[in-house]
Amino acid sequence: MTEPLVPAADAGAAPPKSTPEALPPPAAEAAPTAAPAERAGRNGSQPLLQIEHLKTYFPIFGGIFRRKVGDVYAVDDVSLEVKKGETLGLVGESGCGKTTLGRSVLRLTEPTAGRVVFDGIDVAGLKGDRLQKMRRRMQIVFQDPMSSLNPRMPISDIIGEGLLAQADKENGWAKRDLRDKRVGDSLESVGLRREYSRRYPHEFSGGQRQRIGIARALALQPDFIVCDEPVSALDVSIQSQVLNLLLDLREEFELTYLFIAHNLSVVEYVSDRVGVMYLGKLVEVADLAALAANRLHPYTRALFSAALPADPEAVQEEVILAGEVPSPLNPPPGCRFHTRCPEVMPRCSAVEPSLTEVRPGHRVACHLYGDGVH
């Protein structure tokens, strides 16, 4: 396991709301929020988001006449649910389809097939005004805090852009004064000052810019946020501040997160449940405690064994995978992991395993557990 995060000061953080004009101390230490184990009660709640057999393919065109010659199978038949109020962590190697899955859920990338049911409504079937209104409840925090902010717009317009797009007679967001007030409230909720709304993105640090991205997502008061590697572009000391902020906001505004990340220590810090993806497929889903105690899929074990342990003296399982990740243009038949699996069997190359519940709340797609018992 990688070294646990130790909260440290973010130079971009504003002082507490009780003293809005005081400058933040340069080395203030943030107190960590409750550990995921202390929030286990969320696991009994009802699903807010249900993903059913979702597929997202990207066509490839070639030749003189630009005919379709194949597809990139970015997300291939993924079924998943996110319970109300929880954080579902999504991990896997680069290119496994994590970000595409998150964007497909929000229809930033149109899925090829499957259903996305949010609070009982099929998002894939929405169009026009109905889709626009649904977007108020589903937002995203992007990975790169600089490229996700328009450098030519002040912060008031960056955050207020979504409010203006969603303005109607009921909310009155078309009025500049109401919109500016909401922008200021959003900035304060992420620890920044209201007057920062007059500045431009280049005037902020990386941590501050990511807070602005979070404020933009919060401005519409969503129920669900896709966090697409929100701390991977930040310094480690700032990462802990942003993670604590996300956890605090979840409690304050009753948010639900789909948290996409590479860093396993980050996923363990914020998640209630964890899903593991490989080459467009979901291979294992379990509660954080269950996954920490018993990782069933060979790929999950390999992924976690590659992370550095918190204790340098600790002895952990070492799994070394052979070969390279196959191309998503031409994934192998059967189990997509069989070309690198240290426990491969003859049927692995011929039959694709289904995601099966082998223990309560613990699902795995592996022929080693085809009968539900290992």
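(A) Broad picture of the layout of surface pockets. Size it by volume and the second largest pocket reaches roughly 410 Å³. Considering the residues around the second largest pocket, the lining is formed by 21 residues, among which R135, Q139, I140, G162 and L220 are closest to the centre. Only α2 (128-134), β6 (138-141), α3 (155-165) and α5 (206-218) provide two or more residues apiece to the lining of the second largest pocket. A per-element tally of the lining of the second largest pocket places α3 first, with six residues. For the lining of the second largest pocket, the residue count by class is 14 nonpolar, four polar and three charged.

(B) A look at the packing of α3 against α5. Close contact between α3 and α5 brings their axes to 8 Å; oriented N to C, the two are set at 30°. What the angle tells us is that α3 and α5 run roughly parallel. Classified by chirality, the crossing of α5 by α3 is right-handed. Listed contacts from α5 to I155, I158 and I159 of α3 are I212, A215 and R216. When its residues are assigned to classes, the contact of α3 with α5 shows five nonpolar, no polar and one charged.

(C) Structural detail: helix α6 (residues 236-253). Compared with the 26 Å implied by 1.5 Å per residue over 18 residues, the 26 Å span of α6 between its first and last C-alpha is a close match. Turning to α6, its buried residues number three or more, namely I238, Q239, S240, Q241, V242, L243, N244, L245, L246, L247, L249 and R250. Among the structural elements, β3 (87-91), α4 (176-189), α5, β7 (224-228), β8 (256-260) and α7 (264-270) are those in contact with the buried residues of α6. Once α6 finishes, E254 follows within two positions and takes phi at roughly 55°, a positive value.

(D) Summary view of the environment of P353. Within the secondary structure, P353 is located in the loop between α9 (298-305) and β11 (356-359). Taking the C-alpha atoms as reference, P353 lies 9.4 Å from R336; in sequence the two are 17 residues apart. Those residues in contact with P353 that lie beyond four places of it in its chain are G334, C335, A365, C366 and H367.

(E) Local environment of unusual backbone geometry. Here Q221, not a glycine, exhibits a phi torsion of approximately 55°, which is positive. Secondary-structure assignment places Q221 in the loop between α5 and β7. Assessed through its relative accessible area of 58%, Q221 is described here as exposed. Positive phi values are uncommon outside glycine, yet L279 reaches one of about 50°. Its location among the elements puts L279 in the loop between β9 (273-278) and β10 (281-287).

(F) Looking closely at the pattern of salt bridges. The final tally for this structure, using the stated rule, is 19 salt bridges. The closest approach of N and O atoms between D180 and R176, which form a salt bridge, is 3.0 Å. With D180 and R176 both in helix α4 and four residues apart, this pair spans about one turn of that helix. Exposure remark for D180: the relative accessible area of 33% places this residue in the partly exposed category. Taking the relative accessible area as the measure of exposure, R176 reaches 40% and is therefore partly exposed. With a closest N to O distance of 2.8 Å, D185 and R194 form a salt bridge.

(G) Expanded view of empty space enclosed by the protein. Counted by the stated rule, this structure contains one cavity of 30 Å³ or more. The space that makes up the largest cavity amounts to roughly 70 Å³. Considering the residues around the largest cavity, the lining is formed by 13 residues, among which C335, C341, C348, C366 and H367 are closest to the centre. For the lining of the largest cavity, the class distribution of residues is nine nonpolar, three polar and one charged.

(H) The sheet that holds strand β5 (residues 121-122), seen in detail. An order of β2-β1-β4-β5 is seen for the four strands of this open sheet, with the pairing classed as antiparallel. Only two strands of the sheet have a single neighbouring strand rather than two, namely β2 (67-83) and β5. As defined by bridge partners, strand β1 (residues 47-62) adjoins strand β4 (residues 113-118) across five bridges and the pair is classed as antiparallel. Along β4, the bridge assignment pairs L49 with F118.

(I) Main features of the pairing of β9. Of all six residues making up β9, six are buried, and the element is well covered by its neighbours. Relative to β9, β3 runs parallel, the two being bridged by four bridges. Of the residues in β9, the one forming a bridge with L88 is R273. Sheet topology note: the β9/β10 ladder contains six bridges and is antiparallel. Within β10, the residue paired with R273 across the bridge is D287. Hairpin connection from β9 to β10: two residues lie between these consecutive antiparallel strands, with L279 at a positive phi of about 50°.

Definitions and cut-offs
Residues numbered from 1 in each chain as written. Predicted model: local features only at pLDDT ≥ 70, side-chain atom pairs only at ≥ 80, totals over all residues. Heavy atoms only, no water. 1 Å grid on protein atoms, 1.4 Å probe; cavity = no way out; pocket = protein on both sides within 12 Å on 5 of 7 lines; lining within 4 Å. Points joined across faces, edges and corners; volume = space filled by probe spheres on them. Helix = DSSP H or I, 4+ residues; strand = E, 2+ residues; numbered from the N terminus. Nonpolar A, V, L, I, M, F, W, Y, C, P; charged D, E, K, R; others polar. Axes fitted to C-alpha atoms, helices over the stretch in contact; angles between N-to-C directions. Parallel < 35°, antiparallel > 145°, perpendicular 65-115°, else oblique. Left-handed = near helix turned anticlockwise from the far one by under 90°. Contact = heavy atoms within 4.5 Å. Expected span 1.5 Å × (residues − 1). Buried < 20%, exposed > 50% of the residue type's maximum accessible area, 1.4 Å probe, protein only. Salt bridge = Lys/Arg side-chain N within 4 Å of Asp/Glu carboxyl O. Pairing = 2+ DSSP bridges.

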